[in-house]
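Structural characterization, general
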Amino acid sequence: MTWHPTANRMKTFVLLVGMSAFIVFIGALFNNRSVLWLSVLFAVGMNVYVYFNSDKLALRAMQAQPVTEVQAPQIHAIVRELATTAHQPMPRLYISDTANPNAFATGRNPRNAAVCCTTGILNILNERELRAVLGHELSHVYNRDILISCVAGAMASVITGMAQMAMFAGAFGGGNNQRGSNPLALLLVSLLGPIAATLIRMAVSRSREYQADESGAELSGDPLALASALRKISGGVEQAPLPPDPKLADQAHLMIASPFRAGDRMGKLFSTHPPIPDRIARLEKMAGH
């Protein structure tokens, strides 16, 4: 089995440094030392917070509840078997009571990981397909790519917030023109900042899904089961999409498939997943079809 932890740790480091530098750059445009130091502290504080709380944020947004082996014996048996095969610790297991068929993994490393399935996905997949989906989610944990995605999402939110502050300052002359604030630069950042942050988050999420499809198919040994599961999930999401809630949108990049209907405004704005047909084609090619 092929895991990619080292490469993804480096990606996380580069992402943290790059987006933190962008936050500091936005602070520097105010030409105010207090704002600059505030942006530095904000960047550091957000990184620390996201690192230690990435799992709690996602589980809370989906209103997920922990389940014991007595409550969900099938999921526990499948995850234990896959974790044993991968020589990795058993993650915490959760179920989210929603008709939207989806699953996600979260947590900064295998010892602090959690895997969540919705009741919707449990209702439409057979055991073989569910095993393939759980293999996909565990691969996110073992590839150490969950933290990358969480950091990208959190930092994108920070940059968007600071860009809005820059827009306000630029519109009102930066608050202190005598010290050289550049209203035009502030307004430019306020427009380009959120776009850049969103593009980064989308790129990170799409690459990690392809990677987890491959690693998960290797772990389960059944790429066609994952392809079949993705077909069912795609159809199920169209019938039972998640509501257009910003809190849910912030966590959508963690899920195995976009939880929003493809034609909805939310689905278009937060398209953080590669097209399902492309993923299925890759899996079928992997299986020799």
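Below: a short report on this structure. Positions within a chain are numbered from 1, following the residues in the order the chain's sequence is written. Reporting in this predicted model follows two pLDDT cut-offs: at least 70 for local features of residues, and 80 or more for side-chain atom pairs to be given and counted; totals over whole chains, interfaces and linings ignore these cut-offs and use all residues. Hydrogens and water are ignored here; the side-chain numbers use all heavy atoms of the structure.

**Considerations on the packing of helix H5 (residues 127–142) against helix H8 (residues 223–239)**
How we decide: Inter-axis angles, ranging from 0 to 180 degrees, are taken between N-to-C directions of lines fitted to C-alpha atoms, where helices are fitted over the stretch in contact. Secondary structure follows DSSP: runs of H or I at least 4 residues long count as helices, runs of E at least 2 residues long count as strands, and numbering of each begins at the N terminus. Here roughly perpendicular refers to angles of 65 to 115 degrees, roughly parallel to angles under 35, roughly antiparallel to angles over 145, and oblique to all remaining angles. Here, two residues are considered to be in contact whenever any of their heavy atoms come within 4.5 Å of each other. Gly counts as polar in this scheme, as do all residues outside two lists: the nonpolar Ala, Val, Leu, Ile, Met, Phe, Trp, Tyr, Cys and Pro, and the charged Asp, Glu, Lys and Arg.
Where H5 contacts H8, the two axes come as close as 8 Å, and the packing angle between them is 95°. On the basis of the axis angle, H5 is roughly perpendicular to H8. Judged by residue contacts, Arg 128, Glu 129, Ala 132, Val 133 and His 136 of H5 engage Leu 224, Ala 225, Leu 226, Ser 228, Ala 229, Lys 232 and Ile 233 from H8. The residue makeup of the contact of H5 with H8, split by class, is seven nonpolar, two polar and three charged.

**Structural notes on the packing of H8 against helix H11 (residues 276–286)**
Stated precisely, the cut-off is as follows: By convention, the crossing between two helices is left-handed when the near helix turns anticlockwise from the far helix through less than a right angle, and right-handed when the turn is clockwise.
The interhelical angle for the contact between H8 and H11, taken along N-to-C directions, is 165°, at an axis separation of 8 Å. Between H8 and H11, the angle is such that the two are roughly antiparallel. At the point where H8 passes H11, the crossing takes the left-handed sense. Contacts between H8 and H11 pair Pro 223, Leu 224, Leu 226, Ala 227, Leu 230, Arg 231 and Ser 234 from the former with Ile 276, Arg 279, Ile 280, Leu 283, Glu 284 and Met 286 from the latter. Partitioning the contact of H8 with H11 into residue classes produces nine nonpolar, one polar and three charged.

**So, a nonpolar patch on the surface**
Rule in force here: Patch construction takes residues with relative accessible area above 30% that form no salt bridge. Like charges are linked within 9 Å, and nonpolar side chains (Val, Leu, Ile, Met, Phe, Trp, Tyr) are linked within 5 Å. Accessible areas in this description were obtained via Shrake-Rupley with a 1.4 Å probe; residue shielding takes into account the shown protein chains only. Salt-bridge detection follows one rule: a side-chain nitrogen of Lys or Arg within 4 Å of a carboxyl oxygen of Asp or Glu. Per-residue accessibility, obtained with a 1.4 Å probe over protein chains only, is compared with the maximum for each type, and a residue is labelled buried under 20%, exposed over 50%, and partly exposed between these values.
Together, Met 10, Phe 13, Val 14 and Val 17 make up an exposed nonpolar region whose accessible area comes to about 400 Å². In this structure, Met 10 sits in helix H1 (residues 5–29). Residue classification places Met 10 among the exposed residues on the basis of a relative accessible area of 52%.

**Focus on H11**
Under the convention used in this document: In this description, one arc is meant: the one made by directions from the helix axis to the C-beta atoms.
Every buried residue of H11 is accounted for by Ile 276, Arg 279, Ile 280 and Leu 283. Seen end-on, H11 carries its buried residues on one side only, within an arc spanning 100°. Those residues of H11 that are exposed and angled more than 90 degrees off the buried face are Pro 277, Arg 282 and Lys 285.

**Quick notes on the pairing of strand E2 (residues 92–96)**
Let me state the cut-off plainly: Paired strands, in this sense, are two strands between which DSSP finds at least two bridges.
The buried fraction of E2 is high, at four of five residues. In terms of strand pairing, strand E1 (residues 65–66) meets E2 through two bridges, oriented antiparallel. Paired with Gln 65 across the two strands is Ile 95, which belongs to E2. Alignment of E2 against strand E4 (residues 114–118), held across five bridges, turns out to be parallel. Each residue of the ladder has a partner; that of Leu 93, found in E4, is Val 115.

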